[in-house]
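Coordinate analysis (summary)
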Amino acid sequence: MYRLIWFVICFFCLTSCKSSKEFTGFSYDPVDVTNTNDKELDPQPKRIIGADSPKVWVSNEFDGARANDFYALNDSTFEVYIAPENAPINNSPWYAFKIWSDTVRMAKIQLNYRDATHRYVPKLLSWVQADSSWEEQWELEVEYDSTNGTATFDVLLANDPIIISGQPLHTSSKLKKTLWDREIIGHGFVKVREAGLSKLGRPIWELDITEVAEDQKAPVLTLVGRQHPPEVTGYLASLIFLEELTSDSELAKKFRQTFVVKAFPMINPDGVDLGHWRHNAGGVDLNRDWSNFNQPETRVIRDALSWMKNHDLRRMFYAIDFHSTNENLFYPINQEVKTTPDDFTQKWVGRIIENNPETEFRIEEFDTSSPIAKNWFYNTFGIDAITYEVDDSIDPEQLDSVSRSAANLLMELLLEEWEKSILEN
Ligand SMILES: [Zn+2]
């Protein structure tokens, strides 16, 4: 009898825990996430919506936009309703919309999310020059309501539209110009090529950075990023890494004369331009598709790199996958797992922490079982790799200084480890 009661209690607990997990939609790895076959997308109709009188207008007719509906709640408050591309999905409620008013007025804007609670501090981008450049950007203070997960802020509206977005807009068509502006491309030692196409036909750009001759044996550093569209601070960190890797410092020159860098800064351009919270145009989390390769974007990266397995002249040596979350967080491979080079991430991260005492970091080691990018690098090449997570709300100056420091420490340590590996062989 006791047994039966325990059985009933346990059964009830298990089923209720399970169902609460299924319904939140916040789980990082919900059931079936590693089935990476195409899933249906909920459409986001592109339109301009007016509310109240005189009218306030919201538009999602631009790349990166996400705003599913717009209502007047009363004569001073408006709701922007934001829904993900599909669900279950983790709590990365991206939004971006244009807003303007027929009359100059203050308005309260409430962000209301389906399947999520507020996460990204709104950034306001305003039209400050007539030459069609959106120049000024600042953060808006929100009032957060923890019971329903909404965020409300005040904003001055006028005839000229402003853009309000969860992070600065860095859409796919801007990538090449950004690389030029940051002087990452334009050098003889940087080649840009289209590695392949996304599901909807957008190019996935690859940068090859090296001063090594084609017939010279060399180790390879790979950078991938922007698997998850709203993770802009990780993307910006990767661009700062690329600036350092292409700089004219003695260290960077020596690094380029020894290493080959292969960089894929934006591997989910469809998700970015469609204003997705996390998935690609197949409705799939790309960072769970590194074992099945059901999606074109992961296949593009695999095919651009896997020829180096057991290659005479090119040896994959280390890989970084850039992301963002609510803190600066490094996910190394478990120290117990033997990689070549071994424990590189632990050494590198140790130096980053030592050299950036004003910044908080956390380290969380993981095993190599899940089908994420880092584990594909380990499983394919036996190398060490890292998931490099940058705080969503890191101060831009801190992002700049930490990323530069981390990139230089990376080059130093990679050179040391490569020299060591030559001596050992
Ligand atoms: Zn991510």
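Time to look at helix α6 (residues 296–305). Of all 10 residues that make up α6, 7 are buried, and the element is covered over most of its length. Within α6, burial applies to Pro296, Glu297, Thr298, Val300, Ile301, Ala304 and Leu305.

Moving on, we come to the domain arrangement of the chain. When the domains of the chain are assigned, the result is domain 1 (48–165) and domain 2 (172–424). The C-alpha-based centres of domain 1 and domain 2 are spaced at 32 Å. Contacts between the two partners involve 20 residues from domain 1, matched on the other side by 15 residues from domain 2. Summing both partners gives a buried area of about 1,400 Å² for domain 1 against domain 2, and 52% of it is carried by carbon and sulfur. Looking at the side of domain 1 facing domain 2, the largest losses of area belong to Glu85, Trp94 and Arg119, adding up to 34% of the total buried there. Our enumeration of links across domain 1 and domain 2 arrives at 1 salt bridge. With its nearest N and O atoms 3.0 Å apart, the salt bridge here joins Arg119 to Asp392. Inspection of the domain 1/domain 2 interface yields 11 residue pairs in polar contact (both at pLDDT 80 or more). Its residues placed into classes, the side of domain 1 that touches domain 2 shows 10 nonpolar, 4 polar and 6 charged.

Working reference: metal with six octahedral donors, ideal angles 90 or 180 degrees; metal with four tetrahedral donors, ideal angle 109.5 degrees. Looking at the zinc ion, the protein donor atoms are His228 (ND1), Glu231 (OE), Glu231 (OE) and His323 (ND1), and they sit 2.1 to 2.6 Å from it. For the zinc ion, the 4 donor atoms in the first shell make angles of 55 to 144 degrees at the metal, a pattern classed as irregular. Sequence spacing of the donors to the zinc ion: H-x2-E-x91-H. One end of the pair, His228, is in the loop between β14 (218–225) and α3 (232–245); the other, His323, is in strand β16 (residues 314–325), and 95 residues separate them in sequence.

Checked against the element boundaries, Glu231 lands in the loop between β14 and α3. Residues Glu231 and Asp392, spaced 161 residues apart in sequence, show a C-alpha to C-alpha distance of 7.3 Å. Not counting the four nearest positions on each side in its chain, Glu231 is found in contact with Arg226, Arg278, His323 and Ser324.

So, about the pattern of salt bridges. Counted under the stated rule, the structure contains 29 salt bridges. Between Arg47 and Asp69 there is a salt bridge; the shortest N-O distance is 3.5 Å. With Arg47 in the loop between α1 (2–24) and β1 (48–51) and Asp69 in strand β3 (residues 69–72), the pair connects residues that are 22 residues apart, well separated along the chain. Across the pair Glu364 and Arg362 runs a salt bridge whose closest N-O atoms are separated by 3.2 Å. For Glu364, a relative accessible area of 28% gives the class partly exposed. Beyond isolated ion pairs, a larger network of salt bridges with shared partners links Arg182, Glu243, Glu244, Asp400 and Arg404.

Moving on, we come to the pairing of strand β17 (residues 329–332). Of the two faces of β17, the one lined by Leu329 and Tyr331 and the one lined by Phe330 and Pro332 are each fully buried. Across 2 bridges, the pairing between β17 and strand β18 (residues 362–363) is parallel. Bridge assignment links Phe330 to a residue of β18, and that residue is Ile363. Here β17 runs beside strand β19 (residues 384–391); their pairing, made up of 4 bridges, is antiparallel. In the strand pairing of β19, Leu329 is matched with Glu389.

Moving on, we come to a nonpolar patch on the surface. A cluster of nonpolar side chains, contributed by Val104, Met106 and Leu156, occupies part of the molecular surface with about 340 Å² of accessible area. Positionally, Leu156 belongs in strand β10 (residues 150–157). Take Leu156: its relative accessible area is 54%, and that puts it in the exposed class.

Glancing now at the packing of aromatic side chains. This model, assessed by the stated rule, comprises 22 aromatic pairs. When the centroid spacing of 4.6 Å and the interplanar angle of 10 degrees are considered together, the rings of Phe255 and Phe259 count as stacked. In this structure, Phe255 and Phe259 share a single accessibility class: buried. Taking 5.8 Å as the distance between ring centres and 45 degrees as the angle between the ring planes, the aromatic pair formed by Trp290 and Trp376 counts as tilted.

The rules behind these values
Residues numbered from 1 in each chain as written. Predicted model: local features only at pLDDT ≥ 70, side-chain atom pairs only at ≥ 80, totals over all residues. Heavy atoms only, no water. Buried < 20%, exposed > 50% of the residue type's maximum accessible area, 1.4 Å probe, protein only. Helix = DSSP H or I, 4+ residues; strand = E, 2+ residues; numbered from the N terminus. Domains from an automatic or database assignment. Contact = heavy atoms within 4.5 Å. Buried area = accessible area lost by both parts, 1.4 Å probe. Salt bridge = Lys/Arg side-chain N within 4 Å of Asp/Glu carboxyl O. Polar contact = N/O pair within 3.5 Å; in protein donor to acceptor, adjacent residues only side chain to side chain. Nonpolar A, V, L, I, M, F, W, Y, C, P; charged D, E, K, R; others polar. Donors = N, O, S within 2.8 Å, 3.2 Å for Na, K, Ca; no water. Tetrahedral: all angles 85-135°; square planar, octahedral: opposite > 155°, others 65-115°. Pairing = 2+ DSSP bridges. Patch = residues over 30% accessible without salt bridge, like charges linked within 9 Å, V, L, I, M, F, W, Y side chains within 5 Å. Areas by Shrake-Rupley, 256 points an atom, 1.4 Å probe, with all protein chains shown as cover. Phe/Tyr/Trp six-rings, centres within 6.5 Å; stacked < 30°, edge-to-face > 60°.

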